[in-house]
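One-letter residues, chain by chain:
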Amino acid sequence: MLLDYDRMGWLKIALLGFTALVAGFLLLPVVFIVLLSFGSSRWLAFPPPGWTLKWYHELFADPAWLDAALTSARIATMTAILSVVIGLLASFALVRGQFAGREILRGLLLTPMVLPVVVFAIAIYAFFLRLGLGGTTIGFVIAHTVLALPFAIIPIATALEGFDKSIEDAAIVCGASPLEARLRITLPSIRIGIFSAAIFSFLASWDEVVVAIFMASPSLQTLPVKIWGSLRSDLSPVIAAASSLLVGLTLALMVVTALLQRKVKT
Amino acid sequence: MPAGLNGLLPALVLIVLFFVVPVLALLLRSVTEPEPGLQNYAALLGDGTYARVFFNTFLVASVVTIVTVLVAFPVAWMLAIMPSALASIVFGVIILSMWTNLLTRTYAWMVLLQRTGVINRTLMAAGIIDQPLPLINNLTGVTIGMVYIMLPFMILPLVGTLRAIDPMTLRAAALCGASPFQAFRRILLPLSLPGVAAGGLMVFVMSLGYFVTPALLGGTSNMMLAEMIAQMIQSLLNWGLGSAAAFILLVVTMALYALQLRLVGARRISGGA
């Protein structure tokens, strides 16, 4: 009875124990970093000798950190908007279009997700050096949109595949224009897909390190580049404070996602 | 919003202009710099130092894949049949770990694994070891860090595979007198193998080209391919050699990706990722 939860006996206990261990392993670094950010030891002693907020003070006192965070937010927001719009248009064509080579085109658009980022990073770095787009916001947004597009297409296309097109057709029969039917019937129905696409695209840019390391210039640094630079020089607790804020952001995103999904179900 | 092919136009322009063209230009560079010919590839494939990097990369990717599969399978198994309230807690932990900034997680492991880190101190305080274990700047550190990052990518699709198995098949096996071990080996394992293979291949491909974690948790003596490529371009400015190494990585990755598509079909990947 290996797939019968109530009749597995000792095996269930063993597997549950193992699952708990793995969950603990997955949680460990996240919890650890948050605790560490409040610890008073500069040398990251743990458990800390005392508790303090001074790393957060140091973090906010350094304009470079805030600057990097704002740069990241700006680039990630533009990337999310661009990749959702482009992804939405592409998804309609991929899901509903009837043309030869559709699967190949779908594969091509999803390739940036599978190609090792380092290969794309040096390719786009070289390309942008020639075009003069290296180290510019627009260059960042273009490169990140290439990487984020698969993460926009996948949830939108999946949502669209699950949407019954006859509802849209019914609206047209009832006198709506095709565009109106799409904007007022179809888009609201697949809004969870669109919302996931926006979150995933945002995160794809916000967390992106490799392209950013190559593209960054002294005057334009994203948050991951700033963290990367600090990590290479020392393991200062200020990084723990910055990291904890990022964990907080992740939690906030998870809560929003869960709430939205619940709202759709009811 | 146009329904036909023109909807694809913006996406195609973006991908062709800023993905296909730059990658092809890179390929061109690998056979033209410093002079036309295949000398960059000959240098990479003929030299012992580079051979070690290739070997290291495949070794780490293999070990990470095997460990990830072994750890992920029991967890996915439980998640597939657990009461949903309990399962959603575990899913929450997995999503939290997966969505947390990559550098944040790697930083945490750097601190945890260092010589004077929590893990070494705990083990020494418990009297299990009397010298700190070398857990960082070597393959141990890379493996721990990479398994940590890959686990969600293995667990989540595997839950789907295991949920799709009809529990009746196992009940039938039990009725016919199969022991739990026999039922596992001859029913559950073969039926979940496609999911294990697809997930394992994905983890392997992702590990091959991984840059951040090996660069931060690994040592200088056992560099991996992605880090070597970055170094060739960034520090040595050797574009010919770097592009050639990047292209080798690209070919291997794409070949394995094609294999994975044959295993599970393009739709399953794009729909389930």
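In the annotation of an unreviewed UniProt entry, the entry for chain B reads Putative spermidine/putrescine transport system permease protein, and the organism field reads Rhizobium loti. In UniProt, chain B has this text filed under Subcellular location (unreviewed entry): "Cell membrane".

Under an unreviewed UniProt entry, chain A has the name Putative spermidine/putrescine transport system permease protein and belongs to Rhizobium loti. Here chain A is described in UniProt, under the heading Sequence similarities (unreviewed entry), as follows: "Belongs to the binding-protein-dependent transport system permease family."

Visitor: Describe the overall build of chain B, with residues and values.
Guide: Looking only at helices and strands, one finds 13 helices and zero strands in chain B. For chain B, the N- to C-terminal ordering of α and β elements is α-α-α-α-α-α-α-α-α-α-α-α-α. C-alpha atoms of chain B, sized along the principal axes, occupy 70 × 65 × 40 Å. Each of the 273 residues in chain B was classed as buried or not, and the buried ones make up 43%.

Visitor: Account for the overall build of chain A, naming residues and giving values.
Guide: The helix and strand inventory of chain A stands at twelve helices and zero strands. Going residue by residue from the N terminus, the α and β elements of chain A occur as α-α-α-α-α-α-α-α-α-α-α-α. Over its C-alpha atoms chain A spans a radius of gyration of 23 Å, topping by over 25% the 18 Å that the globule rule assigns to 266 residues. Dimensions of chain A, computed from C-alpha atoms along their principal axes, come out at roughly 70 × 65 × 30 Å. Each of the 266 residues in chain A was classed as buried or not, and the buried ones make up 44%. In chain A, of all internal contacts separated by at least 6 residues, the share reaching a separation of at least 24 is 75%.

Visitor: Any details on the interface of chain A and chain B? Residues and values, ideally.
Guide: Across the boundary between the two partners, chain A contributes 75 residues, which contact 72 residues of chain B. Every element with two or more residues in the side of chain A that touches chain B is listed here: helix H1 (10-37), helix H3 (63-96), helix H4 (102-114), helix H5 (117-131), helix H6 (137-161), helix H8 (178-189), helix H11 (223-233) and helix H12 (237-265) of chain A. Residue classes in the side of chain A that touches chain B are distributed as 62 nonpolar, seven polar and six charged.

Visitor: Quick one: what's the story with the UniProt feature "domain: ABC transmembrane type-1" (unreviewed entry) in chain B, residue by residue and with numbers?
Guide: The sites that UniProt annotates as "domain: ABC transmembrane type-1" (unreviewed entry) are residues 54-260 of chain B. Taken end to end, residues 54-260 of chain B comprises 80% helix and 0% strand; its first and last C-alpha atoms sit 22 Å apart.

Visitor: Please set out the domain arrangement of chain A residue by residue, giving values where relevant.
Guide: Often the size quoted for an interface is simply the accessible area lost on bringing the parts together. Domains assigned within chain A are domain 1 (5-37) and domain 2 (63-234). Taking only C-alpha atoms into account, the centre of domain 1 of chain A sits 34 Å from that of domain 2 of chain A.

Visitor: Got a sec to walk through unusual backbone geometry? Specific residues and values, please.
Guide: Residue and element names in this part refer to chain B. In this model, glutamate 33 is joined to proline 34 through a cis peptide bond whose omega is -5 degrees. Counting through the fold element by element, proline 34 comes out in the loop between helix H1 (9-32) and helix H2 (39-46). Of note, asparagine 137 is a non-glycine position whose phi angle comes to about 60 degrees, a positive value. The topology assignment puts asparagine 137 in the loop between helix H6 (118-125) and helix H7 (139-163). We classify asparagine 137 as partly exposed; it has 19 C-beta atoms within 10 Å.

Visitor: Can you explain the environment of Asp67(A)? Please cite residues and give values.
Guide: With respect to the element layout, Asp67(A) can be found in helix H3. Between the alpha carbons of Asp67(A) and Lys226(A) there is a distance of 9.8 Å; along the sequence they are 159 residues apart.

Visitor: Lay out the confidence of the model for chain B with the relevant residues and their values.
Guide: All names here are of chain B. A residue-level look at chain B finds 95% of positions with pLDDT of 70 or above and a mean pLDDT of 89. Within chain B, the lowest mean pLDDT, 45, falls on helix H13 (residues 266-272), and the highest, 95, falls on H1. Among the prediction metrics, the complex's ipTM stands at 0.89, with pTM recorded as 0.89.

Visitor: Quick rundown of the UniProt feature "transmembrane region" (unreviewed entry) in chain A? Include the residues and the values.
Guide: Residue and element names in this part refer to chain A. When the UniProt feature table is mapped to this numbering, "transmembrane region" (unreviewed entry) covers residues 12-38, 75-95, 107-128, 140-160, 192-215 and 235-260. With 100% helix and 0% strand, residues 75-95 has its two end C-alpha atoms placed 29 Å apart. Taken as a whole, residues 140-160 contains 100% helix and 0% strand, while its terminal C-alpha atoms sit 29 Å from one another.

Visitor: Explain the nonpolar core residue by residue, including any values.
Guide: Ile122(A), Ile124(A), Ile156(A), Val211(A), Ala76(B), Ile229(B) and Ala245(B) are the most contacted members of the largest nonpolar core, which has 157 residues in total. Counting only domains with at least three residues in this core, you end up with domain 1 (5-37) and domain 2 (63-234) of chain A. Not counting chain neighbours up to four residues away, the residues in contact with Ile156(A) comprise Gly87(A), Leu88(A), Ser91(A), Ile190(A), Gly193(A), Ile194(A) and Ala197(A). With six residues, the next largest nonpolar core counts Leu2(A), Leu170(B), Ala173(B) and Ala183(B) among its residues.

Visitor: So what's going on with the UniProt feature "transmembrane region" (unreviewed entry) in chain B? Residues and values would help.
Guide: All names here are of chain B. Per the UniProt entry, the sites bearing "transmembrane region" (unreviewed entry) are residues 12-32, 53-73, 79-100, 141-162, 191-216 and 236-259 in this numbering. Summarising residues 141-162: 100% helix, 0% strand, and an end-to-end C-alpha distance of 31 Å. Helix makes up 88% of residues 191-216 and strand 0%, whereas the separation of the span's terminal C-alpha atoms amounts to 38 Å.

Visitor: Any chance you could break down the environment of Tyr125(A) for me, citing the residues and the numbers?
Guide: Residue and element names in this part refer to chain A. As for its placement among the helices and strands, tyrosine 125 is situated in helix H5. Between the C-alpha atom of tyrosine 125 and that of isoleucine 104, which follows or precedes it by 21 residues, the distance is 27 Å. In contact with tyrosine 125, not counting residues within four places along its chain, are Gly134, Phe214 and Met215.

Visitor: Account for the packing of helix H8 (residues 167-175) of chain B against helix H9 (residues 180-208) of chain B, with residues named and values stated.
Guide: A pair of packed helices can be characterised by two numbers: the angle between their axes and the separation between those axes. All names here are of chain B. Interhelical geometry of H8 versus H9 gives an angle of 145 degrees and a closest axis separation of 10 Å. With respect to the hand of their crossing, H8 and H9 are arranged in right-handed fashion. Every residue of H9 that contacts H8 at Thr169, Leu170, Ala173 and Ala174 is listed here: Ala183, Ile187 and Leu188. Split into classes, the residues belonging to the contact of H8 with H9 amount to six nonpolar, one polar and no charged.

Conventions and cut-offs
Residues numbered from 1 in each chain as written. Chains lettered and ligands numbered in written order. Predicted model: local features only at pLDDT ≥ 70, side-chain atom pairs only at ≥ 80, totals over all residues. UniProt positions renumbered as here; feature names shortened; annotations may be inferred. Helix = DSSP H or I, 4+ residues; strand = E, 2+ residues; numbered from the N terminus. Buried ≥ 20, exposed ≤ 12 C-beta atoms within 10 Å, placed from the backbone. Rg over C-alpha atoms; globule rule 2.2 N^0.38 Å. Contact = placed C-beta atoms within 7 Å. Nonpolar A, V, L, I, M, F, W, Y, C, P; charged D, E, K, R; others polar. Domains from an automatic or database assignment. pLDDT = per-residue confidence, 0-100. Core = buried A, V, L, I, M, F, W, Y, C linked by C-beta atoms within 7 Å. Axes fitted to C-alpha atoms, helices over the stretch in contact; angles between N-to-C directions. Left-handed = near helix turned anticlockwise from the far one by under 90°.

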